[in-house]
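# Understanding the architecture of this molecule
As a plain string of letters, each chain reads:
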Amino acid sequence: MASEGGKSFARRDRLLEIEAKARAWWDDNHVFKAEAREKLPEPGEKFFGNFPFPYMNGFLHLGHAFSLSKLEFAAAYHRLRGANVLLPFAFHCTGMPIKASADKLAREIQLFGEPPVFPAAQEKQEEAQEAEPEAENANGGAKYKGKKSKVAAKSAGQVYQWEIMRSFGLSDSEISKFQDPYKWLTFFPPLAVEDLKAFGLGCDWRRSFITTDMNPFFDAFVKWQVRKLKDMGKIVKDVRYAVYSPLDGQPCADHDRASGEGVQPQEYTVIKMELVGPFPSKLAVLEGKKVFLAAATLRPETMYGQTNAWVLPDGEYGAFEINETEVFILTERAALNLAYQNYSRIPQKPTCLVELTGQDLIGLPLKSPLALNQIIYALPMLTVLTDKGTGIVTSVPSDSPDDYMALHDLKKKDALREKYGVKNEWVLPFDIIPIIDIPEYGNKAAETVCAKLNIKSQNEKEKLAEAKKETYLKGFNEGTLIVGEFSGRKVQEVKLLIRSMLIEAGEAISYSEPEKRVVSRSGDECVVALTDQWYITYGETEWKKLAEECLAGMSLYSDETRHGFEHTLGWLNQWACSRSFGLGTRIPWDEEFLVESLSDSTIYMAYYTIAQFLHNGDMYGSSKSAIKPEQMTDEVWDYIFCDGPEPKSSGISSSTLRNMKHEFEYWYPFDLRVSGKDLIQNHLTFCIYNHTAIMSKKHWPRGFRCNGHIMLNAEKMSKSTGNFRTLRQAIEEFSADATRFSLADAGDGVDDANFVFETANAAILRLTKEISWMEEVLAAESSLRPGPPTTYADKVFANEINIAVNRTQQNYSDYMFRDALKTGFYDLQTARDEYRFSCGAGGMNHDLVWRFMDVQTRLITPICPHYGEYVWRELLKKEGFVVNAGWPVADAPDLTLQSANKYLQDSIILMRKLLQKQVLGSKKGNKKGTSVTSVTEDNKLSGLIYINEHFDGWKAECLKILQINFDKDSRTFSSDMVIQEALQNSSIGQSKDFKQIQKLCMPFMKFKKDAAVKLGPQALDLKLPFGEIEVLQENLDLIKRQLGLQDVEVLSGTAPDALSKAGSLVKLIQQNPPTPGNPTAIFLTRNEIGRSKPVC
């Protein structure tokens, strides 16, 4: 198998050979070429599925393959069942990553030569400390970090780009060429096509393309799209807060980030707490300026209750010049953010006049806006964060549990004040000022909740977090202000009014920063900047209603996915759609800017429907089409996609235009888009918005299926740890079908899935062994039993095949591929193995074996198509291709027969345990390892199986009660209370030992209720839905072979004559009387049957 350690690779290599042969058959016959039919499709007649095009800055990896496999399996299922299937694939090159990587190579050559010789000191540093891995995206662009031995760059644990390129297997002479970003576009997409073909992707490659202006057709498409949005008023120019990369000099959207995807600007109110003179010597240089401690708060309405300000004693601060007259004291990080928000004397360059520590600030007298105390002081707090907000915090102990406990500690602990040089007059005179009345908490909510939770110190972080959670939301929703000009009004009414009042009075400013740390792909930490650029007006009221309407009509396959979209629609607002750096399409009316990478990829699924007319297999759109890029005018796009009038002067023939329009009308809307769940918060929601704006309602998306990321062997996939596989590596190591098999087995939910190497290796073994078994069976075909299937084993196996067909079809339809693998392969193989054994000397039925091979081949084909095609054509000698052979026809499953067979198998297991206990003397069996079968064969034992086919006594009474209280149409029962009352009023309830019997009744009734819900009212019958004696009689030979018995007899457990045959072992039957579904068996020699004393 495909693993290290000197094992044979012969099985894996055979699969690789089979895969090459199958792909050649498909290619020669254009099996995956998708053409619109003349008539528009009825529901279910066509399937158009797609996948977010991967970013082309490296090789495709198993993260891509996992998400893509969900689409591939779905498309293959629909193709197999007879639908006309379109699965196209394209490659995303828009945005920063490629350009940033190309520029990194150029910088490295400039700094270290060509090829670069990196500093030895950094090499040693890297050997001692591995680079921090980037998070893997299950379906977006590859985030390559190089191998363990690569040199760490100075920032953010990144590696040198040259080393990353070497890890791709490129020579130094080749790497140099990648300084040109367009080299990436010609290098990686063709390799991705090779890998996807090797994977067996059922793709119409004529429709493939790359993005950016290198592809003039797609460039024209994007320009049409953004012009159309602008004409609708959905793209506007505005000044907005945006996460921004200072190094790149432009906003940093999700796909431009190395870390921090999904992070948005967090808006604060910065309170200007004015320093009261005279200034201490450390700040003497600031005399003549207005100096403020700048405190960031999310609760400006609480400023009436300020008692002090908090600083981190050992925190690093600075006095930064905001304008000609004002200076803010805060952290350097906050100052940098402010500098990009027009709060710095030199734009985008914070000027620090004095470097300070928190200790320098303790004791500074302050005059703070709205504070009822005229003067408050800066005091030490050990939990102040300097990587969030400004590092300066206002203290409102009436409503903040943290503030309350910190002030409490300073007041009560002399040693704490002495340690930080805090004078008594800075602390002791300041009492809590009630400002907000909150139901249940009064007007000193912090004091109340801290007492309630028994919080004793500011160091009890978990309790304080719980206290904040308990009071903050309630204070906002139900609190009433009891001070100031808004006294008597609800907090939620006045919060923004107070904020606006403070800002208009010049006593506060608006300030934003990233919610969490964001690092761009260029390696710098991002800030929030006020940017004047183009925005798409997501979140606009009427447009949002259309998006919500579209979402409501879509299939999303999980509640969690739907909730994710609903949450995103709730917060998503204007989106910066322009960039000044990177690759892409120029904004046609403002060519200084490019369309950013998440805005050129929202409706391109429509482009797939006509791409073959434009590209004809050339993904770059350079030469193979009769249509010229300049002919694709806005009027042409409108005609094709938006029911516009037929253009008269495009230069494209009317027949070609009508054919393109028909292709779009045939395939659209798309039926399924598969993606990692991380794209819900941007790309997928943008897709909904843009479709509702540009397309008619009949063309809105029908379905999204989102999945989690993938782990390898239960660990995070990471290049730096070596726990990583490109798609190419996985195929080389395991084969394509074994890789696909393990991807299907990895999981189907929105939680992270797990690709297990052992599963892939086991798949190699299973698939090749199955081929060998079929080859053996076919070679000895004449030995199979002729004629129609007639035996009990035949009927059971035929039924199991029907069950597999029906359940697997449902699983594929629900896109539950692990379950499809179970029902269509694992369970079917188990049924086949049981059938082989059950047939005994009579052998397997010829027709059934052929049906099994046919059905199993079709059912596994969506997951393992190369294997299926090989078996179909080479072994079964079938015509055509299995990938479109049609879903197998099957009768409705006979659940009664299935239950009967389960009864048989369970009974054999039960009898084996009874035999083991009786013959070997204990439940643990023979400690020396002697098998039951060998013992029985030596003693030539026979078995007597006693059956009671009817429930009686209290069990019969329970079943009658359940029958009366069961609705067979809805398969529901009356309430437990009603059933319990019926039980008490029955003959059971009147008996003396009711309480003891009741303990037996309850689990029995629960078991029967569950069975009735699953099987229907027959589960409540006083006998099983099949004859137990008949089932066992038909399978006496199987029972004898399974247990190693010489003879077996099936008897009624209620007939005196039958009981007499047990001799003295009748006591075993009396101790464990048979009931429906639970036979009792005893074992003795044939001569002892009916004798008073067994000899065994």
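Residues numbered from 1 in each chain as written. Predicted model: local features only at pLDDT ≥ 70, side-chain atom pairs only at ≥ 80, totals over all residues. Heavy atoms only, no water.

## Overview of the overall build of the chain
- When helices and strands are counted, the chain shows 39 helices and 32 strands.
- Its C-alpha atoms give the chain principal-axis dimensions of about 120 × 85 × 65 Å.
- Within the span of the chain, comprising 1096 residues, buried residues form 56% of the whole.
- Residue pairs in contact within the chain that sit at least 24 positions apart in sequence constitute 76% of those at least 6 positions apart.
- For the chain, the accessible surface area stands at approximately 45600 Å², while carbon and sulfur atoms represent 50% of it.
- Looking at charge distribution, the chain has the averaged site of its 131 positive side-chain charges lying 4 Å from that of its 145 negative ones. (Helix = DSSP H or I, 4+ residues; strand = E, 2+ residues; numbered from the N terminus. Buried < 20%, exposed > 50% of the residue type's maximum accessible area, 1.4 Å probe, protein only. Contact = heavy atoms within 4.5 Å. Areas by Shrake-Rupley, 256 points an atom, 1.4 Å probe, with all protein chains shown as cover. Lys, Arg positive; Asp, Glu negative; His and termini not counted. Charge placed at Lys NZ, Arg CZ, Asp CG, Glu CD.)

## Observations concerning the packing of helix H8 (residues 216–231) against helix H20 (residues 634–642)
- At a closest axis distance of 10 Å, the pairing of H8 and H20 adopts a crossing angle of 80°. Considering the angle they form, H8 stands roughly perpendicular to H20. Across the interface between the two elements, Phe217, Ala220, Phe221, Trp224, Arg227 and Lys228 of H8 pack against Asp634, Trp637, Asp638, Phe641 and Cys642 of H20.
- Here the contact of H8 with H20 is composed, by residue class, of 7 nonpolar, no polar and 4 charged. (Axes fitted to C-alpha atoms, helices over the stretch in contact; angles between N-to-C directions. Parallel < 35°, antiparallel > 145°, perpendicular 65-115°, else oblique. Nonpolar A, V, L, I, M, F, W, Y, C, P; charged D, E, K, R; others polar.)

## Notes on the packing of aromatic side chains
- Summed over all chains, the structure comprises 71 aromatic pairs.
- Measuring from centroid to centroid gives 5.6 Å for Phe112 and Tyr160, while their planes differ by 75°, and the two rings are edge-to-face. Here Phe112 is found in helix H3 (residues 97–112), whereas its partner Tyr160 is found in the loop between helix H4 (120–128) and helix H5 (161–167), with 48 residues between them in sequence.
- Judged by its relative accessible area of 22%, Phe112 falls in the partly exposed class.
- Arranged with centres 5.1 Å apart and planes meeting at 25°, the rings of Phe209 and Phe218 form a pair that is stacked.
- The buried category is assigned to Phe218, whose relative accessible area is 0%.
- Of note, Lys661 hangs over the ring of Tyr639, and the distance from its end group to the ring centre comes to 5.1 Å. (Phe/Tyr/Trp six-rings, centres within 6.5 Å; stacked < 30°, edge-to-face > 60°. Lys NZ or Arg CZ within 6 Å of the ring centre and 35° of its normal.)

## Focus: the state of the cysteines
- Scanning the entire structure with this criterion turns up 0 disulfides.
- Of all cysteine sulfurs, the one in Cys252 lies closest to Cys577, which takes part in no disulfide; the gap is 16 Å.
- Given a relative accessible area of 4%, Cys577 falls into the buried group.
- Lacking any disulfide linkage, Cys706 is separated from the closest cysteine sulfur, that of Cys687, by 11 Å. (Disulfide = S-S within 2.5 Å.)

## What about H20?
- Those residues of H20 lying buried are Val636, Trp637, Tyr639, Ile640 and Phe641.
- Those residues of H20 hidden inside the fold are in contact with H8, helix H18 (604–608), helix H19 (611–614) and helix H21 (654–667).

## Remarks on the sheet that holds strand S25 (residues 710–712)
- With mixed pairing, the 3 strands of this open sheet are ordered in space as S26-S25-S27. The outermost strands of the open sheet, each flanked by one partner alone, are strand S26 (715–716) and strand S27 (753–755). (Pairing = 2+ DSSP bridges.)

## Observations concerning the pattern of salt bridges
- Taken as a whole, this structure holds 61 salt bridges when the rule is applied.
- The shortest N-O distance in the salt bridge between Glu733 and Arg725 comes to 2.8 Å.
- One salt bridge connects Asp906 with Lys902, and the closest N-O pair in it is separated by 2.7 Å. Of the two residues, Asp906 and Lys902 both sit in helix H30 (residues 895–920), 4 residues apart, roughly one turn of that helix.
- For Lys902, a relative accessible area of 52% gives the class exposed.
- In this structure, a network of salt bridges that share partners links the residues Lys33, Glu35, Asp204, Arg206, Arg207 and Glu663. (Salt bridge = Lys/Arg side-chain N within 4 Å of Asp/Glu carboxyl O.)

## Considering the packing of helix H27 (residues 817–839) against helix H28 (residues 846–860)
- Contact geometry for H27 and H28: axes closest at 9 Å, N-to-C directions at 160°. By the angle class used here, H27 and H28 are roughly antiparallel. H27 and H28 meet at a crossing whose hand is left-handed. For the pair H27 and H28, contact is made by Leu821, Gly824, Phe825, Leu828, Gln829, Arg832 and Tyr835 and by Leu848, Phe852, Val855, Gln856, Leu859 and Ile860, respectively.
- Its residues placed into classes, the contact of H27 with H28 shows 9 nonpolar, 3 polar and 1 charged. (Left-handed = near helix turned anticlockwise from the far one by under 90°.)

## Side note on the pairing of strand S19 (residues 527–536)
- The buried fraction of S19 amounts to 8 of the 10 residues, a majority that puts the element mostly inside the structure.
- Where strand S3 (residues 235–245) and S19 come together, 10 bridges link them in antiparallel fashion. Of the residues in S19, the one forming a bridge with Asp238 is Gln533.

## Observations concerning the nonpolar core
- Judged by nonpolar contacts, the single largest core of 124 residues is most densely connected at Phe89, Phe91, Trp184, Leu196 and Phe755.
- Beyond its immediate sequence surroundings of up to four residues, Phe89 is in contact with Phe51, Pro54, Leu68, Leu196, Leu201, Cys203, Trp205, Ser208, Phe209 and Tyr608.
- Core analysis: the second largest hydrophobic core is formed by 72 residues, Ala220, Ile610, Tyr668 and Ile680 among them. (Core = buried A, V, L, I, M, F, W, Y, C linked by side-chain atoms within 4.5 Å.)

## Digging into the environment of Gln1018
- Within the secondary structure, Gln1018 is located in the loop between helix H35 (994–1015) and helix H36 (1028–1034).
- Among the residues examined, Gln1018 registers a relative accessible area of 28% and is labelled partly exposed.

## A word on the environment of Ile438
- Note on placement: Ile438 falls in the loop between strand S15 (436–437) and helix H13 (445–452).
- A residue is classified by how much of its surface remains accessible, and Ile438, at 3% relative accessible area, is buried.
- Ile438 sits 37 residues away from Gly475 along the chain, and the two C-alpha atoms are 5.8 Å apart.

## Description of a negative patch on the surface
- A cluster of like negative charges, contributed by Asp314, Glu316, Glu332 and Glu355, occupies part of the molecular surface.
- The topology assignment puts Asp314 in the loop between strand S8 (308–311) and strand S9 (316–321). (Patch = residues over 30% accessible without salt bridge, like charges linked within 9 Å, V, L, I, M, F, W, Y side chains within 5 Å.)

## Concerning helix H26 (residues 792–813)
- With 22 residues, H26 should cover 32 Å at 1.5 Å per step; its first-to-last C-alpha distance of 32 Å lies within 8% of that length.
- Backbone geometry just after H26 places Tyr815 at a positive phi near 60°. (Expected span 1.5 Å × (residues − 1).)

## Remarks on the sheet that holds S3
- Pairing is antiparallel in the open sheet, where 4 strands are placed in the order S4-S3-S19-S20. A single partner strand is all that each edge strand has here, and the edge strands are strand S4 (250–251) and strand S20 (575–576).
- Across 2 bridges, the pairing between S3 and S4 is antiparallel. Bridging from a neighbouring strand, Ser245 pairs with Gln250 of S4.

## Concerning the side chain of Glu665
- Assignment of secondary structure puts Glu665 in helix H21.
- Beyond its immediate sequence surroundings of up to four residues, Glu665 is in contact with Leu40, Asp643, Lys698 and His699.

## Describing the confidence of the model for the chain
- Looking at the chain, pLDDT values average 90 and 93% of them are 70 or higher.
- Contacts from residues 922–930, a stretch scored under 50 in pLDDT, to residues over four places away or in other chains number 9 contacts.
- Low pLDDT, under 50, characterises residues 1092–1096; the stretch is placed with 11 contacts to residues that sit more than four places away or in other chains. (pLDDT = per-residue confidence, 0-100.)

## Quick word on unusual backbone geometry
- Residue Pro115 follows Glu114 across a cis peptide bond; omega there is -5°.
- Position of Pro115 among the secondary structure elements: in the loop between H3 and H4.
- For the bond running from Tyr668 to Pro669, omega is 5°, close enough to zero to count as cis.
- Here Pro669 shows up in the loop between H21 and strand S23 (672–676).
- Despite not being glycine, Gln348 shows a phi value in the positive range, around 65°.
- The topology assignment puts Gln348 in the loop between helix H9 (332–339) and strand S11 (352–357).
- Positive phi, close to 55°, is recorded for Asn616, a residue that is not glycine.
- Examined against the element boundaries, Asn616 turns out to sit in the loop between H19 and H20.

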